[in-house]
Amino acid sequence: SFCASNCQGFPPFPRFHSSAMPAAISVRPDGVGVITMNSPPVNSLGTELVTSFKQEFPKLVQDPQVKAIVVTGQGAMFCGGAEITEFAVMVAMGPEKMKENNPVAALSEMMDMIDASPKTTVAALNGPALGGGAEVSLACHYRVASDKASVGFPEVNLGLLPGAQGTQRLPRVAPLPTAMQMILQGKPLKADAARKNGIVDAVAKKDVIEEAAEWALSHPPAPISKREVPKTNRFMASAGGLEAGLNTAVNAAPLMIAPRAIIKCFEAACSHKSFREGLQVEMEQFTNLVFSVESAALRHLFLSERLAQKVPGIDEKPAPLKKIGILGAGLMGGGIAMCFIQKGVPVVLKDAKQEWLDAGVKKIESMWAGQAKKGRLSKEKFKEYMGLLKPSLDYADFKDVDMVIEAVPEIMDLKKEVFLDIEKNTKPDCLICTNTSGLNIDDIAAVLKDPSRVMGTHFFSPANVMQLLENVRTAKSSVKTLATGMAMGKLINKKCVMVGNCDGFVGNRMIAPYAGEAKMLWEEGGTVEQIDKAATAFGMAMGPMALGDLVGQELFWKQRKAAGDMNKQTKTYFGPYELTDWLCELGRFGMKTPDPSIKANGRGIFIHRGRDKTVDPEVVAKLDEVRKAKGVTPRPVSDEEIVERLFYPLINEGFKILEEGFVARSSDIDLAYIYGYGFPPSKGGPMFFAENYVGFQKILERLKVYDAQAKERYTKNSAYLPIDYFVPSKLLEACAAKQGTKVFPGQTLIDVVLKDFRKSHDGAGPFSKL
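Residues numbered from 1 in each chain as written. Predicted model: local features only at pLDDT ≥ 70, side-chain atom pairs only at ≥ 80, totals over all residues. Heavy atoms only, no water.

**A few points about empty space enclosed by the protein**
Counted according to the given criterion, the structure contains two cavities of 30 Å³ or more. Lining the largest cavity, in full, are Lys519, Trp522, Glu523, Pro576, Leu579, Thr580 and Leu623. Going through the elements one at a time, α20 (507-524) and α24 (578-585) are the ones with two or more residues in the lining of the largest cavity. It is α20 that contributes the most residues to the lining of the largest cavity, three residues altogether. Counted by class, the lining of the largest cavity contains four nonpolar, one polar and two charged residues. Looking at the second largest cavity, its volume works out to about 40 Å³. Lining of the second largest cavity is provided by His300, Ser666, Met687, Phe688, Glu691, Asn692, Thr748 and Ile750. Counting residues per element, the lining of the second largest cavity draws most heavily on helix α28 (residues 686-694), which supplies four residues. Split into classes, the residues belonging to the lining of the second largest cavity amount to three nonpolar, four polar and one charged. (1 Å grid on protein atoms, 1.4 Å probe; cavity = no way out; pocket = protein on both sides within 12 Å on 5 of 7 lines; lining within 4 Å. Points joined across faces, edges and corners; volume = space filled by probe spheres on them. Helix = DSSP H or I, 4+ residues; strand = E, 2+ residues; numbered from the N terminus. Nonpolar A, V, L, I, M, F, W, Y, C, P; charged D, E, K, R; others polar.)

**A word on the sheet that holds strand β20 (residues 612-615)**
Strand order across the open sheet formed by three strands is β18-β19-β20, with antiparallel pairing between neighbours. Each edge of the open sheet carries a strand with a single partner, namely β18 (602-603) and β20. (Pairing = 2+ DSSP bridges.)

**As for the pairing of strand β4 (residues 121-125)**
For β4, the tally of buried residues reaches five of five residues, placing the bulk of the element in the interior. Neither face of β4 is open: one carries Thr121, Ala123 and Leu125, the other Val122 and Ala124, and all of them are buried. Relative to β4, strand β3 (residues 68-73) is paired through three bridges, and the arrangement is parallel. Pairing of valine 70 across the sheet is with valine 122, part of β4. Sheet analysis places β4 next to strand β6 (residues 142-145), joined by four bridges and oriented parallel. Across the sheet, the residue bridging to alanine 123 is arginine 143, located in β6. (Buried < 20%, exposed > 50% of the residue type's maximum accessible area, 1.4 Å probe, protein only.)

**Looking at the sheet that holds strand β12 (residues 389-392)**
If you trace the eight strands from one edge of the open sheet to the other, you get β12-β11-β10-β13-β14-β15-β16-β17, paired in mixed fashion. In this open sheet, the two strands that pair with only one neighbour each are β12 and β17 (495-500). Taken pair by pair, the neighbouring strands of this sheet meet at an average axis angle of 25°, ignoring direction. In terms of strand pairing, strand β10 (residues 324-327) meets strand β13 (residues 403-406) through four bridges, oriented parallel. Each residue of the ladder has a partner; that of isoleucine 326, found in β13, is isoleucine 405. Where helix α19 (residues 479-491) meets the sheet, its contacts fall on β13, β14 (431-434), β15 (454-459), β16 (468-473) and β17, and the angle it forms with β16 comes to roughly 180°. This element, helix α27 (residues 666-676), spans β16 and β17 of the sheet and lies at about 125° to β17. (Axes fitted to C-alpha atoms, helices over the stretch in contact; angles between N-to-C directions. Contact = heavy atoms within 4.5 Å.)

**Remarks on the confidence of the model for the protein**
Summing up the model confidence of the protein, the mean pLDDT is 94 and the portion of residues at 70 or higher is 97%. Counted against residues more than four places away or in other chains, residues 1-19, with its pLDDT under 50, gives 44 contacts. (pLDDT = per-residue confidence, 0-100.)

**Details of α28**
Taken together, the buried positions of α28 are occupied by Pro686, Met687, Phe688, Phe689, Ala690 and Glu691. Phi for glycine 695, located one or two positions after α28, is positive at around 100°.

**As for the side chain of serine 137**
Structurally, serine 137 can be placed in helix α4 (residues 132-139). Within the structure, serine 137 has its side chain in polar contact with the backbone oxygen of alanine 134 (distance 2.6 Å). Once you skip the residues sitting within four places of it in the chain, serine 137 turns out to touch Phe78, Ala123, Leu125, Tyr142 and Arg143. (Polar contact = N/O pair within 3.5 Å; in protein donor to acceptor, adjacent residues only side chain to side chain.)

**Examining the packing of aromatic side chains**
Taken as a whole and assessed by the stated rule, the structure comprises 20 aromatic pairs. Measuring from ring centre to ring centre gives 5.6 Å for phenylalanine 53 and phenylalanine 57, while their planes differ by 15°; the resulting arrangement is stacked. Here phenylalanine 53 pairs with phenylalanine 57, and both are found in helix α1 (residues 47-62), just four residues apart, close to one helical turn. The buried category is assigned to phenylalanine 53, whose relative accessible area is 0%. Ring plane angle 80° and centroid distance 5.5 Å describe the contact between phenylalanine 460 and tyrosine 677, whose orientation is recorded as edge-to-face. In this pair, phenylalanine 460 is assigned in the loop between β15 and β16 and tyrosine 677 in the loop between α27 and α28, connecting sequence segments 217 residues apart. (Phe/Tyr/Trp six-rings, centres within 6.5 Å; stacked < 30°, edge-to-face > 60°.)

**Quick notes on unusual backbone geometry**
For residues that are not glycine, phi is negative in most cases, and the peptide bond is trans in most cases. Note that the residue after serine 461, namely proline 462, is joined by a cis bond; omega there is -5°. Turning to its location among the elements, proline 462 is positioned in the loop between β15 and β16. Omega for the peptide link from glycine 575 to proline 576 comes to 5°, which places this bond in the cis form. With respect to the element layout, proline 576 can be found in the loop between α23 (554-563) and α24. With a phi close to 85°, glutamine 165 is a non-glycine residue in the positive phi region. Of note, glutamine 165 is situated in the loop between β7 (150-152) and α5 (166-173). Phi at lysine 599 takes a positive value of approximately 55°, unusual for a residue other than glycine.

**A few points about the nonpolar core**
Of all hydrophobic cores here, the largest spans 98 residues; its most connected members are Trp522, Phe655 and Phe696. Looking at this core element by element, the count peaks at nine residues for helix α26 (residues 639-660). For phenylalanine 696, the contacting residues outside a window of four places in its chain are Phe655, Ala690, Glu691, Leu732, Cys735, Ala736, Gln739, Leu749 and Ile750. Residues Met111, Ala258, Cys265 and Phe286 belong to the second largest nonpolar core, which totals 73 residues. (Core = buried A, V, L, I, M, F, W, Y, C linked by side-chain atoms within 4.5 Å.)

**Topic: the environment of lysine 424**
By the secondary structure assignment, lysine 424 is in helix α17 (residues 412-424). Put simply, lysine 424 and lysine 399 are 25 residues apart on the chain and 9.2 Å apart in space, counted from C-alpha to C-alpha.

**Some points on the pattern of salt bridges**
Taken as a whole, this structure holds 46 salt bridges when the rule is applied. Aspartate 616 is paired through a salt bridge with arginine 603; the nearest N and O atoms lie 2.7 Å apart. Placement of the pair is aspartate 616 in the loop between β20 and α25 (617-630) and arginine 603 in strand β18, with a sequence separation of 13 residues. The pair aspartate 616 / arginine 603 is uniform in exposure class, with both members buried. Arginine 645 is the partner of glutamate 641 in a salt bridge, and the nearest nitrogen-oxygen pair spans 2.7 Å. (Salt bridge = Lys/Arg side-chain N within 4 Å of Asp/Glu carboxyl O.)

**A closer look at the packing of α27 against α28**
Here α27 crosses α28 at 115°, and the two axes come no closer than 6 Å. Residues Ser666, Ile669, Asp670 and Tyr673 of α27 lie in contact with α28, whose contacting residues are Pro686, Met687 and Phe688.

Next up, the structure:
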């Protein structure tokens, strides 16, 4: 057993004590002993369950009345694997302490105990067997699965590998390509596919425990540890199969370190090493990974998703959502409608003109038809989906919906007008939500008699694909409204974070300095290719220049034009503007504006032809003009400077958002950036990156340097607009002062400092005092 009280300098780790035994045994009339793992909700292999299993299993082995043994799980899961929260405690112990008291070794001993049973032991897979759960099943001599069962190894998604013998057991029963797909890529197999690949011995046609008991009584013990790795697997490993598998995994996620460690384990399994020698390699590689910052980042994200659902102060039961109204049948409205329909929720899709409505419905229909054509959607499902969609031109069709989400153009007067129309045609308790990305939601809600039923639901485009949803808490949103908004996000499988109503919310506010500095670096002497390459080498899905062409260069140009101030800067956009304004005046917005004269299907900073893009030579020539006009002499810019100037002000803005109380915790920011902005998961999000990769003191020091340079630039050269995004956040300064302080396993220093900070600082946001 291990817990945080073993870790010097840490407070005791709270343990959960169940009145029921986590591993319960019983003996059937036919002499089959059954041991049931019972640790809700997913029967995870926490310390208690492992300890209990090791106490109870030998009783079945020693009982002369027991002829054979079945291992199963309580409820709908066989076993969901290791208890993730215990990994933080493991890391807090440190590598030396872990050698003395290794919690993974306890799990491995449990596998040895099952494997060594003199009585035939069969896993009855009543549901998914994932990670450590799959390893428990492979420690059993045979596996009988229900048709609802699946077997998978998701550890790679946490920067880990199966550390309880899985890398040595799976290649002894499954073909190597299957084993690699399962462990290197985390792909699970359904029961029938697992049987075809030798992982499961039978799929039950009736009760899984009954059939597992019959199998146990009619087959001799056959531990996998005593089996040879099939010759085909050995041959494939020696003929370059492992390298090919590694290349696939690395191409898919270049910054992940787990795939290389997994390959070393497979090499050990497929070599002439014994099973025990292979386990030593597995333990060594697992230990390296569990103490790596990349794995810590991925575990942080896993736990952040759970935490994001727990919003401070939101403790009411959500209202049911049986029918949804969507206003606006464009790309965004149509994408949102698809999210609900795919979950079986009927949608009324309204627009102002028949041709707009027809175009929207046609777009939705074509997307599902495309899936049906590829075999990803059955004809029946396609028909069912279309049956749940009701196109309409009449607000009266919103009379019985539980929530309306408006997705009309970003014009304040239009938003207010449609809000009043929605209010007139909906039930008094119908939620009215806006998908605005930049307008003040309190101003929109103010036109209603009851603004408490309003909140922001900021989807990302295309809404049916992008995973992030920023739910926006307004000044008057009721707790019921907010609870329902969070439940809605969960219903449609979004990664949902609650944010306050500030300019740009979290994501767009933080991306603004990043985009501004990309343009500034370009003017100073960096090339488009170098800036984008530095960002993608960091791990971003695409560089800032390519992102500008994808989103559209005209977005903020139009907003400044409408405001009548082309030098306007807000929290969501910064200069320099000269070059991108020139592009917009020419109608070159990026990927959405083709130029047939040069056979380009898009033109902005880049000329886009098919999937290829090259920097437009006219843009390079124009940049020279802009530099001369501003009196700028280009200089060499290092990749290190590019990364610091792109990401440090973005991180600094995240600290300011926390400081002002517009988001509850730092992990919510990380979640938004991973799922909405292409931040690399292995870096854990901007705030995790700041704390665990760089350190607050370095970020603070570099921000001060760049702030001084920026001030000199805009005070001495009137062609430049003033910027304040390098001015360090007070919260960042407080964190830098506490750098190196130990925190409880699983906590972040940012949130520990933030708790004290909020006691003595008033912020404008709703979370400042929660």
